[in-house]
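# Coordinate analysis (summary)
Listed below are the residues making up each chain.
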Amino acid sequence: MDFLTDAADDAPAPRRDLPPELARSWLLVPALGTDLAAAAASGADALVLDLEDSVDETRKDAAREAAVAWLAGGGRGWVRVNGRATSHWPRDVDALRGVAGLVGVVLSKTEAATEVTETSDRLGGDVPVVALVESAVGVEEAVAVARARGCARLAFGSADYRLDTGTGDTEVAMGYPRSRLVVASRVGGLPGPVDGPTTSSSRPALREDCETAVQLGLTGKLCAAPEQVGVVNEALSPTPTDVAWARTFLADFAARDRVVRDAGDLPRLGRAERIERLAAAYGVAPG
């Protein structure tokens, strides 16, 4: 099955200005050759204009100019900039500094905390930086990167990681780097990381990948196509059943003056409060 032949999803909800820590779907689109207005209407929590892998070396300047023009002209979104080690990095960052519609940047090929801090400082210190970890070195340095000043979240560049390490695209092979980023995010006081994209056009495969990511503690996902956004947003949100349970538990807990009855009450309370916060942010009703 593919996105065109499966049953259609509901129309995308209008994009909300969710803070980076709550963004589930991160739609990555080339800054050149893309209808950015249509991509912005996809319902993605975060629109990411790409200046890196999707742009040929000979067109980097044109892509940068297109991204800046769209953001300055009323567009709003993130930009994936080229890695710190490339000659394109300073041009990308300098061109984006102070641009009105820039929400934040995704830093490609992150392997050191200093790369995040230098990017943040060069942008003026008030623009969030998502560190995209795409190599064995990046995975092993993930704790330091997560603790870096300016780092808002970690993301997993799974395709380049597989290329770097020679590992397969299986749940077992991807378990270690994903878990490493989850643990590093917790140590660094960051929200759960953003998982890499699913390259298959199969909706069931995408949903399975999302379920695996949630089980491991990841809370966002890069999207390779607008058609993936609805599935990702649903799969990474609390279910209506979860919301109903949370509200029932919270009402009961309040009715007994928040008195703890057993060792399971506080963990249940934490889970219920988290579900309620997410449900409010994503507009999920109990059912």
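Keep in mind the model is a prediction, meaning the values are calculated, not measured.

Rules behind the numbers
Residues numbered from 1 in each chain as written. Predicted model: local features only at pLDDT ≥ 70, side-chain atom pairs only at ≥ 80, totals over all residues. Heavy atoms only, no water. Pairing = 2+ DSSP bridges. Helix = DSSP H or I, 4+ residues; strand = E, 2+ residues; numbered from the N terminus. Core = buried A, V, L, I, M, F, W, Y, C linked by side-chain atoms within 4.5 Å. Buried < 20%, exposed > 50% of the residue type's maximum accessible area, 1.4 Å probe, protein only. Contact = heavy atoms within 4.5 Å. Axes fitted to C-alpha atoms, helices over the stretch in contact; angles between N-to-C directions. Parallel < 35°, antiparallel > 145°, perpendicular 65-115°, else oblique. Left-handed = near helix turned anticlockwise from the far one by under 90°. Nonpolar A, V, L, I, M, F, W, Y, C, P; charged D, E, K, R; others polar. Salt bridge = Lys/Arg side-chain N within 4 Å of Asp/Glu carboxyl O.

A separate point is the pairing of strand β1 (residues 25-30). Sheet topology note: the β1/strand β8 (residues 220-223) ladder contains three bridges and is parallel. Each bridged residue has a counterpart across the sheet, and for Ser-25 the counterpart in β8 is Lys-221. In the sheet, β1 pairs with strand β2 (residues 46-50) via five bridges, with the strands oriented parallel. Bridge assignment links Leu-27 to a residue of β2, and that residue is Leu-47.

This next bit is on the nonpolar core. Core analysis: the largest hydrophobic core is formed by 51 residues, its most contacted members being Leu-27, Val-79, Leu-96, Leu-102, Val-116 and Leu-154. Apart from the residues within four sequence positions on either side, Leu-27 is in contact with Ala-39, Ser-42, Ala-44, Ala-46, Leu-47, Val-48, Cys-223, Ala-225, Pro-226 and Val-229.

Now for the packing of helix α7 (residues 158-165) against helix α8 (residues 171-187). Interhelical geometry of α7 versus α8 gives an angle of 110° and a closest axis separation of 12 Å. Classified by the angle between their axes, α7 and α8 sit roughly perpendicular to one another. Crossing angle aside, the handedness with which α7 passes α8 is right-handed. For the pair α7 and α8, contact is made by Ser-158, Tyr-161 and Arg-162 and by Met-174, Tyr-176 and Pro-177, respectively. Its residues placed into classes, the contact of α7 with α8 shows four nonpolar, one polar and one charged.

Looking now at the pattern of salt bridges. Two side chains carrying opposite charge are able to pair once their charged atoms lie near each other. For the structure on display, the rule yields 25 salt bridges. With a shortest N-O distance of 3.1 Å, Arg-256 and Asp-265 are connected by a salt bridge. Residue classification places Arg-256 among the buried positions, given a relative accessible area of 16%. Note that Asp-262 is salt-bridged to Arg-268, the shortest N-O span being 2.9 Å. For Arg-268, a relative accessible area of 31% corresponds to the partly exposed category. Taken together, the shared-partner salt bridges connect Asp-50, Glu-52, Asp-53, Arg-80, Lys-109, Glu-134 and Asp-160 into one network.

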